[in-house]
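Listed below, chain by chain, are the residues.
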Amino acid sequence: MAAAETDRDAPSALCSEFLNFSAKDTAAKWLQVSNLPKEVYQHLACYVPKIYCLGPNLNPQNEDLLAQLLLQGPLEWYLCGEEPSVGLSKLEQNNQPSQLCGHVFKVGEPTYSCRECAADPTCVLCMQCFLGSVHKEHRYRMTTSGGGGFCDCGDTEAWKKGPYCQKHEPNISDSSQKDPLANLSAEMIARTYNVFSIILKYAVDMLTWDKEDELPEGLEPPARGDMYYCMLFNDEVHTYEQVIYTLQKAVNCTQKEAVSFATTVDRDGRKSVRFGDFQFCEQAKSVIVRNTSRQTKPLRVQVMHSSVVAHQCFALKALNWLGQTIRYSDALRRILCQVGLQRGPEGENSSLVDKLMLCDSKMWKGARNVYHQLFMSSLLMDPKYKKLFAIQFARSYQRLQTDFMEDDHERVVSVTSLSVQLFTAPTVARMLITDENLMTTIIRTFVDHLRHRDLQGRFQFERYTAQQAFKFRRVQSLIGDLKYVLISRPTEWTDQLREKYLEGFDAFLELLKCMQGMDPVVRQVGQHIEMEPEWEAAFTLQMKLTHIISMMQEWCASDERVLIEAYKKSLSALTHCHSGFTDGEQPITLSMCGHSVDTIRYCVSQEKVSIHLPVSRLLAGLHALLSKIEVAYRFPEQLPLSELSPPMLIEHPLRCLVLCAQVHAGMWRRNGFSLVNQIYYYHNVKCRVEMFDKDLIMLQAGASMMDPNHFLMIMLSRFELYHIFSSADCRKRYSRENANKDVVQQNNTLIEEMLHLIIMIVGERYTAGVGQVEITDEIRREIVHQLCIRPMAHSELVKALPENENKETGMERVIDSVALFKKPGVTGRGLYKLRPECAKMFNLYFHHYSRADQSKAEEAQRKIKRQNGEDSVLPPPVLPRFCPLFASLVNILQCDVLLGILGAVLQWAMEPSGGHWSESMLQRVLHLIGMGLVEEQQHLISSAEDYNDTNFNFTLKISRPGEAPANTASILALLETLQNAPHLEVHKDMIRWILKTVAYIKTTRECTASSPPSDSSGHSQEETVRDKEKAERKRKAEMARLRREKIMAQMSEMQRHFINENKELFQQSLEDLDPSTSSTLEHSPSSCDSALVCVGPRRWRAGGSDRRQVVTCILCQEEQEIRSDGKAMVLAAFVQRSTVMSKNRKRPPHNPDKYDPLFMHPDLSFGTHTGSCGHIMHSHCWQRYFEAVQAKEQRRQQRLRVHTSYDVENGEFLCPLCECLSNTVIPLLPLTKTCCSSEQPDLSQWLNITSHQMKALISAHRKSKASSAEAADETDGVNDCPPPDGFRLDHTPKNPYSSTIKEMLTTFGTATYKVGLKVHPNEQDPRVPIMCWGSCAYTIQSIERLLVDEEKPLFGSLPCRQDDCLSSLTRFGSACWTVSSHTTVQNHFIRLLAALVPDPRVENSPCILDVDMFHLLVSLVLSHPAVLCLDSSGLSADAAQLHFLHLITVAHVVQILLTSLPEEVRMEQETGGAEREEEESVCLLYNTLRSLLGRGLREVSSGWHLWLCVKAGILPYLRAAALFFHYLNGAPAPPELHALGAGEWEALCGYLCLPSNLLQLYFNNLDIMEPLLHGWCSHPALQALQSSVTLIRFPRESNHLIDLPGDYSALINQASSFTCPKSGGDKSRVPTLCLVCGAMLCSQSYCCQTELEGEDVGACTAHTFTCGAGVGIFLRVRESQVLFLAGKTKGCFYAPPYLDDYGETDQGLRRGNPLHLCHERYRKIQKLWRQHSITEEIGHAQEANQTLVGIDWQHL
Ligand SMILES: [Zn+2]
Ligand SMILES: [Zn+2]
Ligand SMILES: [Zn+2]
Ligand SMILES: [Zn+2]
Ligand SMILES: [Zn+2]
Ligand SMILES: [Zn+2]
Ligand SMILES: [Zn+2]
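Residues numbered from 1 in each chain as written. Chains lettered and ligands numbered in written order. Predicted model: local features only at pLDDT ≥ 70, side-chain atom pairs only at ≥ 80, totals over all residues. Heavy atoms only, no water.

(A) Region of interest: the overall build of the protein chain. Counting its secondary structure elements, the protein chain contains 63 helices and 25 strands. Among the 1756 residues that make up the protein chain, the fraction classed as buried is 56%. Sequence separation of at least 24 residues holds for 76% of the intrachain contacts in the protein chain that already meet a minimum separation of 6. Carbon and sulfur atoms form 51% of the exposed surface of the protein chain, whose accessible area is close to 76100 Å². (Helix = DSSP H or I, 4+ residues; strand = E, 2+ residues; numbered from the N terminus. Buried < 20%, exposed > 50% of the residue type's maximum accessible area, 1.4 Å probe, protein only. Contact = heavy atoms within 4.5 Å. Areas by Shrake-Rupley, 256 points an atom, 1.4 Å probe, with all protein chains shown as cover.)

The structure is reproduced here in structure tokens:
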């Protein structure tokens, strides 16, 4: 930053003053003065500007120190009257703390709420209190705090049960009601009062100060310089990027500084961006303003004098100080409350607290946060002052809300957000309602802010400006406040409460009146609408108010008088609304079936209609409540029942339902999507409770008060179907009305809809008050119907059920009575399944089914019935009885008009449908008839029980012939005819069921008529019917079984066929053809030796005739034999860097250009892993395919910037068959042929020969180097060494491979080199072969580990893709030298050998402790052919391999002995003498080592433990070696290695041609081994090493992912205390846990971005490069989501290993159910990681979900 002035040396200028300053003396002086405020102000005026804000770079520590010394010191001395530390601790000791916990939540901290005991969901506990509470055993909900808010532990109002945790349990002996001030002396109180009032006033003065260049009276500084700050303020309009860009321009800072400024502005609300003289700052200000004012209002910038800023800084400090001081004593807190709320001289609203609140919207974010915190720790913690504060808050409510509307900050930093703390306390809320009329205030304020109305005074959201839309969003928070006030229902009502509640209810009705009829629609004919009308705002309002409306009703229900009054008010409001509707209401008369009724002429399809009818819906709700709590029967005289006009009640709900029907019939298509969306929400679970459900209730209420015939006629008329059914010959519709097919179709749908509505009106009785049910019955029925569709997970069910204001569905109470829970496996989730006995509740016309649900449920239920061998008929269920108020509804079923309609439809159905009737129409008619029959049965049963005569005789009515046109057939007669109609096959079951039931009812009636009703007769009757049904069912079931069997037989035949046909194509693997594998072993033990040995001259060899290996190319389907001179065949492969086996994640990544990978360190910190999907192609087929992919990608990128899941430029492609991510191919090679040559040198001879060869090679290489370098320095080249016999230095062997194979050898080698080292491809680089050998060794090692971890045998358990991959990788390794420079490979061999056999001519050989022995073995074996090829004396590769194995095994034993410090010697040894020999020899070797190395090694008395260490330590190496030689030489493995268990050691040693006492290798060759041992031990690194450095111990344990806590909230808690490491103690927003190493990172945030290879990357991506070589596995703690990352561009989310009790994950932590670790799932993730499948998993996820590709993974 370019500050004009240099920093003054501020502290030293003040130094002398500091030294002389005494806080004690100052306080003493203050005690004397008469005008204390003036004195303190003078002190502040003098010191504050000298301490704070002295330069551009603030120095908070220094400032705080000085402030403590010079400012707070004297205040504390004054307050205590003695040494503050003494005085304050005395206060603390005397304090009797209140029982409130009051812990203020940090952002992201876990909070807990008890779903059983919390008064409302805002009541929460902190983790500590929760763990000490009774609720942890209850059903609780866990969430993360958004910051602010505090723990409610100890608040008896917040909890129905267990309000205290163990820590906050009140001490009974205390009288907690005592005034805390009683403990304090009068002087103390007076002094505290003085200090608090001065300091609080000072802070309020400064924080509300709005002048930039002046200070309040009394604070003017003694001297003022020309020092200013350019202060930038936060707003919610400009983005981070805009601010950063502008700042770089305006104040010339770097991007980093700009980011830091922007971050601070965002966090604190303001930040000075420049310091200097006025001119200098003003200039920056104008640049910022100019740059940001183009589109929006400019960023707020002020140039402020430094002394003003200084005082404001201290004011914040002072508030913090107050907050800290009152913690010592409740008495101090009370005094502060008193000071804060004391009314000032200006009267109303003049207390300091008021002043702060009223200036809230003008303050910057940081200041607001500080004073809100103080309010929370003072006013809200003191029961007495909480009430007083609440009153002040309520009085200013309207003004605060108005300020908030204009404020551009989020609500969390507005003082209005404190409402949740005040209003949710039931006593406070009750008091505010009665004393301050809070309910009315909130509602009026709300209505006031929605001023935009239409002519009828209804809300109008159309053409909202941005400003109005913004306000509309803000004003919704008021609904939240109203909810808080209403959340706890009163148990006792006072007259005053009734009065104020009803006043609020009035205000609420005014609000609803503004909504009644809003957003009306008119059917569009002709043209499509031009613009979709606005509808969302109105629905947002409706949705937000849904719970309020329900709560209003519940309040009413708790007091009869209130209910009656509210009912009256609602009725008159509705009447008032109706007087406003005047559209087309001319009276007309309808008549049908001998009945007639007057109504109005109104057509939904022609006139205005609105879906918003909250007033009539509220009335409907209250009507049901009248019935439920029986007010209607007890005080009928108090109800305005006579004023009710049923036709008026039903009119608008009916219109609304007709609108839905017409939309469904396609009549409103031209009105666009907005209407479709409205109808969707009308039925949606979020809205339906206060929309659709209530309309239905209103129709039920209206119909129950009307003649059913009249009701149905009005309904017909509104559905615009009256003309069809009223005409005399309506039964002959088809002949009459054939004009327009569309119209007929439309009418059909309307008839269906109308019949469905009738079914619902009569059949929906599961609302308490409508039917005789409890609330639990209602929920149970909802669940049953959901589960009738299919089994569902807990969360799916929750989503399908309406939530109440406490976010509860009530499901848990009933679920077990209707469903069975099935636990999830390793994938998937737990499911609830319907109990079979509940299926009888199924109602096909359940009112909450969508059409899709309905058909799914129907299908599912029929299927189940068929499976059980039952009739698939789905008759209407038995329903509960109506409440008396609604009882007359059943008469709809037997009224003439309905029978007329039913008869007409049945008559139509006599003819096959030509479009004049529909299947669903008939189905509904049959259902209605069924309902009539079920109803009649129920009536018969109940009349039999209580002898109540009933005139419900449906069977009689349907047996009578039609009336209107005389002599038409009766319904029953029609049904009898229809049951044999061939075109009605699907309905036959139902018709038959109806006829059977009719017959049954008739006989029952006859019985009851003739003889007194008896249960037994009814029963026997029923039984005979049942018997018949049973027999029929059985017969059908048998037939079904036979049919099923036949189908199954066919299916399995087809399946077999398919497998046969495709197996060869797709499942082909080398295993079938390779002679080396176990399957062929049984029948062809063609080895000459009976023992199976994989290495050395005695090794197993393929039988005389070489088995041909033939494979099929997946691309061209041609067969191809694998031959050295044939066409190359390749395997798709994926090479990746890996740290999975790393034992040292702290090792910094290598410099790729300089790194020498020849020796792998035993910590295995970085490796290269090769995997394959096992699919084989011709190399030329693959090349063509890859070129096509490349070309396609180029075209695609030109067209549009779409990403793919693979990176073509990096050589990536998807396997053409299985779409597995690949980045290269491995060539397939035949087994190398070697012949058994007779005599081979033993180890010492061989070493001798080899060392001669080396000598010759080295000198030859030096010579050629020297000759090429020209300036031949012959000094060390003199000792020209003659090569041993048959060693031809100038020999160039013939390359055995065809050109395509050579090409593929280079391709794979280069790819391994490129990926493994992260460098550009260079096939000439000498490191290419090294990387290939390394990858071979590393891959084998990782697979060996995997087999151990999964407890699988070494051989025979690998999937063939891995088997093929390892075999081709190993054979490739042995061939790759042929395409490299032979000199290079020979050089590698020389250096490798020197590590084992120290050679003075080779420099920089590593110490044996720094070499991974298996890597050394693989590299030596695979590089040796480059040397061997020069030999013509008949040395064999087999002998050399065995010698390498023996030497390295000894070296490894030594390595193990040197590193396994036998500290943990256990005492119980000597189990048996079986291995005495081994123990003795190992002891001997160990002691030799001790004598060579001395101090470092402990003395060991017995070899038992040492031998154990050696055996355990070397086992992984032996296993890996067995795999390696198996794949290299093709020797089948002995059967012992195909199984787990004992005998592995012997089998391994035998297979590897090793003595089972490995020490023999040493002792039998002492002549060579001893010098070697000396050589190893004399390595300088080993001498220096000793035991100080942490050594790699053997065996190396498999790495596992970090341990996770069982309870997820422990993680949340851990994350909430995690702060961003880069921005000084800030909370991280996206704390993310590395599951590999346990590091917590600050992800997805600017602050922690770093540069990686020239690009900005987020913390996670950066971490993967050090921790996982580019691959990372993380847990995003706040989201409860696993994140996989690979490279910079790939990533995906993965299900977390945490499940709730219902077997579901909660990604995003939305549901808040407690989550627990699922070990199986975590192990599954770990397995993916261990087998290097993370990248592959990402590839599959991205292929499946294209949106994942577009995410900026690198910024996470
Ligand atoms: Zn707590
Ligand atoms: Zn507590
Ligand atoms: Zn509880
Ligand atoms: Zn091919
Ligand atoms: Zn594949
Ligand atoms: Zn890590
Ligand atoms: Zn950060």
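And the narrative resumes.
(B) Focus on the sheet that holds strand E3 (residues 228-233). If you trace the three strands from one edge of the open sheet to the other, you get E4-E3-E5, paired in antiparallel fashion. Each having just a single partner strand, strand E4 (270-276) and strand E5 (301-305) make up the two edges of the open sheet. Each strand of the sheet is rotated relative to its neighbour by a mean of 30 degrees, with strand direction disregarded. Alignment of E3 against E4, held across six bridges, turns out to be antiparallel. Paired with Met-231 across the strands is Ser-272, a residue of E4. Together, E3 and E4 form the strand contacts of helix H9 (residues 255-268), whose direction differs from that of E4 by roughly 130 degrees. With respect to the sheet, helix H10 (residues 278-292) is in contact with E3, E4 and E5, its orientation differing from that of E4 by roughly 135 degrees. (Pairing = 2+ DSSP bridges. Axes fitted to C-alpha atoms, helices over the stretch in contact; angles between N-to-C directions.)

(C) Structural view of the coordination of the zinc ion (ligand 1). Only Cys-101 (SG), Cys-126 (SG), Cys-129 (SG) and Cys-151 (SG) from the protein reach the zinc ion (ligand 1) as donors, at distances of 2.2 to 2.3 Å. Note that the zinc ion (ligand 1) binds four donor atoms; their angles at the metal cover 98 to 125 degrees, and the shape is tetrahedral. Of note, the zinc ion (ligand 1) draws all its donor residues from one chain, in the sequence arrangement C-x24-C-x2-C-x21-C. Separating the zinc ion (ligand 1) from the zinc ion (ligand 2) is a gap of 4.2 Å, bridged by Cys-129, which donates to each. (Donors = N, O, S within 2.8 Å, 3.2 Å for Na, K, Ca; no water. Tetrahedral: all angles 85-135°; square planar, octahedral: opposite > 155°, others 65-115°.)

(D) Expanded view of the environment of Leu-928. As for its placement among the helices and strands, Leu-928 is situated in helix H38 (residues 919-946). For Leu-928, a relative accessible area of 0% translates into the label buried. The spacing of Leu-928 and Pro-875 is 53 residues in sequence and 9.9 Å in space, taken between C-alpha atoms. Contact partners of Leu-928, with chain neighbours within four places excluded, come to Leu-755, Ile-758, Ile-759, Leu-893, Leu-898, Leu-902 and Phe-954.

(E) Looking closely at the nonpolar core. One finds Phe-389 and Tyr-501 to be the most contacted residues of the largest nonpolar core, which totals 299 residues. If we ignore the near neighbours within four places in the chain, the residues touching Tyr-501 are Met-439, Leu-486, Trp-493, Met-552, Trp-555, Cys-556 and Val-562. Counting 145 residues, the second-largest nonpolar core is a separate cluster that includes Met-1254, Tyr-1297, Cys-1407 and Ile-1592. (Core = buried A, V, L, I, M, F, W, Y, C linked by side-chain atoms within 4.5 Å.)

(F) Representation of the packing of aromatic side chains in the model. For the structure shown, the criterion picks out 47 aromatic pairs. Pairing Phe-461 with Phe-472 gives two aromatic rings, centres 5.1 Å apart and planes at 55 degrees, and the pair type is tilted. Placement of the pair is Phe-461 in the loop between helix H19 (438-449) and helix H20 (466-486) and Phe-472 in helix H20, with a sequence separation of eleven residues. The exposure classification of Phe-461 matches that of Phe-472, with both residues buried. (Phe/Tyr/Trp six-rings, centres within 6.5 Å; stacked < 30°, edge-to-face > 60°.)

(G) Region of interest: unusual backbone geometry. A cis amide bond links Phe-1594 to the next residue, Pro-1595, at an omega of 0 degrees. When you line up the elements, Pro-1595 lands in the loop between helix H59 (1580-1585) and helix H60 (1608-1616). For Leu-1164, which is not a glycine, the phi torsion comes out positive at approximately 50 degrees. Residue position: Leu-1164 is located in the loop between strand E12 (1129-1138) and strand E13 (1167-1178). Using a relative accessible area of 3% as the deciding quantity, one classes Leu-1164 as buried. For Gln-1644, which is not glycine, the phi torsion reads 55 degrees and is therefore positive. With respect to the helices, strands and loops of the structure, Gln-1644 is situated in the loop between strand E18 (1640-1642) and strand E19 (1650-1652). Since its relative accessible area comes to 40%, Gln-1644 is described here as partly exposed.

(H) Expanded view of the sheet that holds strand E22 (residues 1681-1686). Strand order in the open sheet formed by five strands is E18-E17-E21-E22-E23, with antiparallel pairing between adjacent strands. Since the sheet does not close on itself, it has two edges, and those belong to E18 and strand E23 (1690-1694), each with one partner. The average undirected angle you get between the axes of adjacent strands in this sheet is 30 degrees. Here strand E17 (residues 1631-1634) pairs with strand E21 (residues 1671-1676) via three bridges, running antiparallel.

(I) Just the coordination of the zinc ion (ligand 4), in detail. The coordination sphere of the zinc ion (ligand 4) contains the protein donors Cys-1113 (SG), Cys-1116 (SG), His-1178 (ND1) and Cys-1181 (SG), at a distance range of 2.0 to 2.4 Å. Geometry at the zinc ion (ligand 4) is tetrahedral, judged from its four donor atoms and the angles of 95 to 117 degrees they form at the metal. Written as a sequence motif, the donor residues of the zinc ion (ligand 4) are C-x2-C-x61-H-x2-C. Classification of Cys-1113 by relative accessible area gives buried; the value is 0%. In this structure Cys-1116 comes out as partly exposed when scored by relative accessible area, which is 28%.

(J) Representation of the side chain of Arg-333 within the structure. Tracing the chain through its elements places Arg-333 in helix H12 (residues 330-341). Under the relative-accessibility criterion, Arg-333 is labelled buried at 11%. Reaching out from Arg-333, the side chain makes a polar contact with the backbone oxygen of Met-381 at a distance of 3.4 Å. (Polar contact = N/O pair within 3.5 Å; in protein donor to acceptor, adjacent residues only side chain to side chain.)

(K) Inspection of the environment of Lys-355 at higher detail. Considering the arrangement of structural elements, one finds Lys-355 in helix H13 (residues 352-358). A residue is classified by how much of its surface remains accessible, and Lys-355, at 30% relative accessible area, is partly exposed. Expressed as a C-alpha distance, the spacing of Lys-355 and Gly-344, which sit eleven residues apart in the sequence, is 9.9 Å.

(L) How the structure looks around the pattern of salt bridges. Summed over all chains, the structure comprises 63 salt bridges. Across the pair Lys-90 and Glu-82 runs a salt bridge, and its minimum N-O distance is 3.1 Å. Each of Arg-115, Glu-116, Arg-139, Arg-141, Glu-808 and Glu-812 takes part in salt bridges that share partners, so that together they form one network. (Salt bridge = Lys/Arg side-chain N within 4 Å of Asp/Glu carboxyl O.)

(M) Structural detail: the packing of helix H48 (residues 1327-1349) against helix H49 (residues 1360-1375). Following both chains from N to C, one finds H48 and H49 inclined at 150 degrees, their axes separated by 9 Å at the closest point. By the angle between their directions, the pair H48 and H49 is classed as roughly antiparallel. Where H48 crosses over H49, the handedness of that crossing is left-handed. Contacts between H48 and H49 involve Cys-1332, Trp-1333, Ser-1335, Cys-1336, Thr-1339, Ile-1340, Ile-1343 and Leu-1346 on the former and, on the latter, Gln-1362, Leu-1366, Leu-1369, Thr-1370, Phe-1372 and Gly-1373. The class makeup of the residues in the contact of H48 with H49 is nine nonpolar, five polar and no charged. (Parallel < 35°, antiparallel > 145°, perpendicular 65-115°, else oblique. Left-handed = near helix turned anticlockwise from the far one by under 90°. Nonpolar A, V, L, I, M, F, W, Y, C, P; charged D, E, K, R; others polar.)

(N) Representation of the confidence of the model for the protein chain within the structure. Within the protein chain, residue pLDDT values average 84, and 88% of them lie at 70 or more. Looking at the elements of the protein chain, mean pLDDT is at its lowest for helix H44 (residues 1078-1081), recorded as 37, and at its highest for helix H28 (residues 692-704), recorded as 96. Taken together, the stretch residues 1-13 has pLDDT below 50 and engages in 19 contacts with residues farther than four places along the chain or on a different chain. Below pLDDT 50 for its whole length, residues 1058-1090 participates in 47 contacts with residues either more than four positions away or in separate chains. (pLDDT = per-residue confidence, 0-100.)

(O) Looking closely at the pairing of strand E9 (residues 831-834). Side chains of E9 alternate between two faces, with Tyr-832 and Leu-834 buried and Leu-831 and Lys-833 left unburied. Pairing geometry for strand E8 (residues 819-822) and E9, over four bridges, is antiparallel. Paired with Lys-822 across the strands is Leu-831, a residue of E9.

(P) Examining the packing of helix H53 (residues 1437-1459) against helix H54 (residues 1476-1493) more closely. Relative to each other, H53 and H54 sit at 70 degrees, their axes nearing to 11 Å. Classified by the interaxial angle, the pair formed by H53 and H54 is roughly perpendicular. The hand of the H53/H54 crossing is right-handed. Residues Val-1453, Val-1454, Leu-1457 and Leu-1458 of H53 lie in contact with H54, whose contacting residues are Val-1482, Leu-1485, Tyr-1486, Leu-1489 and Leu-1493. In the contact of H53 with H54, the residues fall into nine nonpolar, no polar and no charged.

(Q) Fine view of the side chain of Thr-424. Mapped onto the fold, Thr-424 is located in the loop between helix H17 (419-423) and helix H18 (426-436). Judged by relative accessible area, which is 13%, Thr-424 ranks as buried. A polar contact is formed between the side chain of Thr-424 and the backbone oxygen of Val-420, at a distance of 2.5 Å. Excluding its chain neighbours within four sequence positions, the residues that come into contact with Thr-424 are Asp-120, Thr-122, Ser-419 and Tyr-484.

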